[in-house]
Amino acid sequence: MRPPRRVQGDHPFLLSTSPPTRNQERLAVCVLAVLVAELLVTAPFARIPLPGTEILLPAYGAAILLIELITSALLLALFSVQHSRAVLVLAIGYLFSGLMVVPWMLTFPGVFEALGLDAGLQVTASIAALRRLGFPLFVLAYALLKDGPASEPRFHGSVPLAIVGSVAGAFAAAGMLTWFILANDDSLPNFMRNARNVTGLWSYIPAMAIFLYLTALAVLFARRRSVLDLWLMVVLCTLLIEIILLSYVSAGIRLSVGWWGGRSYGLASASMVLLVLLSESTTLYARVARSVSAERRARETRLTAMEALSALIAHEINQPLASMVTNADAGLRWLEKENPDPAEAQAALRRIVNDGHRAGRVIESIRAMFKKEARDRVPLDVNRLIEEVLARCRDDVRLGRVTVETALEPGLPTVTGNPIQLQQVLSNLVSNAIDAMCSVTGRARVLRVTSRSQAPGEVMVSVEDSGPGVGPELRGRIFEPFFTTKPDGMGMGLMFCRLIIESGGGRLWADGNVPHGAVFRFTLPGSDDGVWPVGEQAR
Amino acid sequence: MSANLLIAVVDDDDSAREAAVSLVRAMGFAASGFRSAAEFLGSGEAARTACLIADVRMPGMGGLDLHRHLVASGTPIPTVLVTAFPDETTRARAMRAGVGNYLAKPFEPDELLGCIRSGFARGAGEPG
């Protein structure tokens, strides 16, 4: 009844599963560097009070509320696709944190006095403490639940029910905690000396928060894998810097330069994290959409070519075959008659011979058509060919989060070949390698293309991947027509590749890569002696 | 009636046409081959043709068009349409046009014989 469970690694294009690129890691480090710089710049002025700035608090609170709600919605959408409990927990963490901003803001001393909202002195601080300590706990739960070395526990129930249930739970928890704090105004811990300054008791809260941030950061760092993990680490660092500014540098004085500094840097980097997440998911979506449509187009053209070829064969071969059968029937009838007529039977047999030759000529002309293309040979620079193909595959490489390494020997001997066909071979091998690595998690996805010269004047090209590899028992079979290991493959690619390479006098074969993956190697004979006949240099 | 015994084979493919003519003659009928619908119509043999075996796809007028043309000109001939590429659309069109037989190449000799006989029966039943 339910769709089959997805196995780990079949979502290579989600924020929570795709590994960050080097650029994203650099961007994250830059964000942190800017935050630390801001901390240092603000520090000397941190304790200067800024009276009257209560008026800015509603704007700040509304922004935080919106950012955290949008982040939560983004994560819930991710959960509905990926069915990861960890992502659900994190989404609820953001939702809870966002919801608790509302009572925090409404009870902040002196902000909403006009509305008659004037809660006890300790209420705002207690809510702040709950938010401070609650959020890192959710992140910690996310980091512990998410797929580490072992497979991640998957959610198996109804997704809409889980989302509605946990969102309702977050609202209920936020509502009840607020009600509890408001109702027990008198028995709350004494965090605040007055509306601006904290007591000694408060100092435990930032200390605990810092401990939780660092713990969550450490767990997340040890188990980091995805873009989401990277930016969550940035969020935790931001919160760390924020709390240092709020509680230590500004000595816990509310509405001081340091206090506002912490708030505004936190807000700025929270919006930046959200923007990065949003733009990442949009980019991922666009890339997936583009690759899907490209793939569909490729499949359509391939189908059309196949259909045209089979129609041609059917048309040209079926006629002589049908005639042969009818002629044979006629011949039999002539011989089976009461007065057999050998002359008529002979004529029928002669026509069968002609039909057989006719069918043979059709096959020959189809083969010649293929060979003619192979005869269009020019001297080629293999390294340039490789670079052209890799440039054309750049989108696929980025989409598959694959690192490309090349080791191209300079000054390779020139080879002779049909550039279009060789490009087809190379791009086929490269896209096979990228496809093979889309299920790889937990190790680098590396595509390595090597070229080198070897005796006698030959050039060898290797395309290596770090995918699951091809078992020795399949290495011969993958070149057979209609054999494929891909769910939507036609099983023609490698067969054509081998045909092209061998018709140029080279060889194409598969090996195992060390320690992971597959290597496809092909050789191309050099063109030292200028022109060489087709197929004669096969070794 | 005895003059009305010719079976005409219209097919642009030489080998297919010769094979069919030979087979029909081996069955004991008089048969004649024509390269195209125009050649058949211009030969003056239509009047004594009892049954027409025509290929569907031919340059110029195809087998189905030839049948329609004969019907429209008031001289219908029972027709067997043959084709190396049978398809349902053409079969349906042939049935609507009153062609009783639609055979895929290569056909079974007995199947063709049955078609010819039913054609003869229809031809004999018609006035004139």
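Everything discussed here concerns the structure shown above.
Remember, predicted model here, so these are calculated numbers, not experimental data. (Residues numbered from 1 in each chain as written. Chains lettered and ligands numbered in written order. Predicted model: local features only at pLDDT ≥ 70, side-chain atom pairs only at ≥ 80, totals over all residues. Heavy atoms only, no water.)

A short note on the pattern of salt bridges
For step 1, the next point in the chain: All told, the structure shown has 19 salt bridges over all chains when counted by the stated rule.
For step 2, the next point in the chain: Two residues, Lys105 of chain B and Asp55 of chain B, come together in a salt bridge whose shortest N-O distance is 3.1 Å. Remark: Asp55 of chain B occurs in strand 3 (residues 49-55) and Lys105 of chain B occurs in the loop between strand 5 (101-104) and helix 5 (109-125); sequence separation between them is 50 residues. You'll find Lys105 of chain B and Asp55 of chain B in the same group, each marked buried.
For step 3, the next point in the chain: One continuous salt-bridge network, built from bridges that share partners, spans Arg132, Glu242 and Arg263 of chain A. (Salt bridge = Lys/Arg side-chain N within 4 Å of Asp/Glu carboxyl O. Helix = DSSP H or I, 4+ residues; strand = E, 2+ residues; numbered from the N terminus. Buried < 20%, exposed > 50% of the residue type's maximum accessible area, 1.4 Å probe, protein only.)

What to know about helix 1 (residues 22-42) of chain A
All names here are of chain A.
For step 1, the next point in the chain: With 21 residues, helix 1 ought to run about 30 Å at 1.5 Å a step, and its terminal C-alpha atoms sit 30 Å apart, in line with that.
For step 2, the next point in the chain: Every buried residue of helix 1 is accounted for by Gln24, Ala28, Val31, Leu35, Leu39 and Thr42. Axial view of helix 1: buried residues confined to an arc of 80°, hence all on one face. In helix 1, those exposed residues whose orientation departs by more than 90 degrees from the buried face are Arg22, Asn23, Val29, Leu40 and Val41. (Expected span 1.5 Å × (residues − 1). Arc of directions from axis to C-beta.)

As for unusual backbone geometry
For step 1, the next point in the chain: Residue Pro515 of chain A is bonded to the preceding Val514 of chain A through a cis peptide linkage, with omega at 0°.
For step 2, the next point in the chain: Locating Pro515 of chain A in the fold gives a position in the loop between strand 6 (507-512) and strand 7 (518-524).
For step 3, the next point in the chain: The amide bond that connects Lys105 of chain B to the next residue, Pro106 of chain B, takes the cis arrangement and shows omega of -5°.
For step 4, the next point in the chain: Relative to the helices and strands, Pro106 of chain B resides in the loop between strand 5 and helix 5.
For step 5, the next point in the chain: At Leu255 of chain A, a position not held by glycine, the phi torsion is positive, near 60°.
For step 6, the next point in the chain: Along the chain, Leu255 of chain A turns up in the loop between helix 7 (227-249) and helix 8 (257-336).

Focus on the environment of Ala268 of chain A
Residues and elements named next belong to chain A.
For step 1, the next point in the chain: Here Ala268 is to be found in helix 8.
For step 2, the next point in the chain: Its relative accessible area of 46% is what places Ala268 among the partly exposed residues.
For step 3, the next point in the chain: Taking the C-alpha atoms as reference points, Ala268 and Ile64, 204 residues apart in sequence, are found 9.8 Å from one another.

Keep in mind these numbers describe shape, not what the thing actually does.
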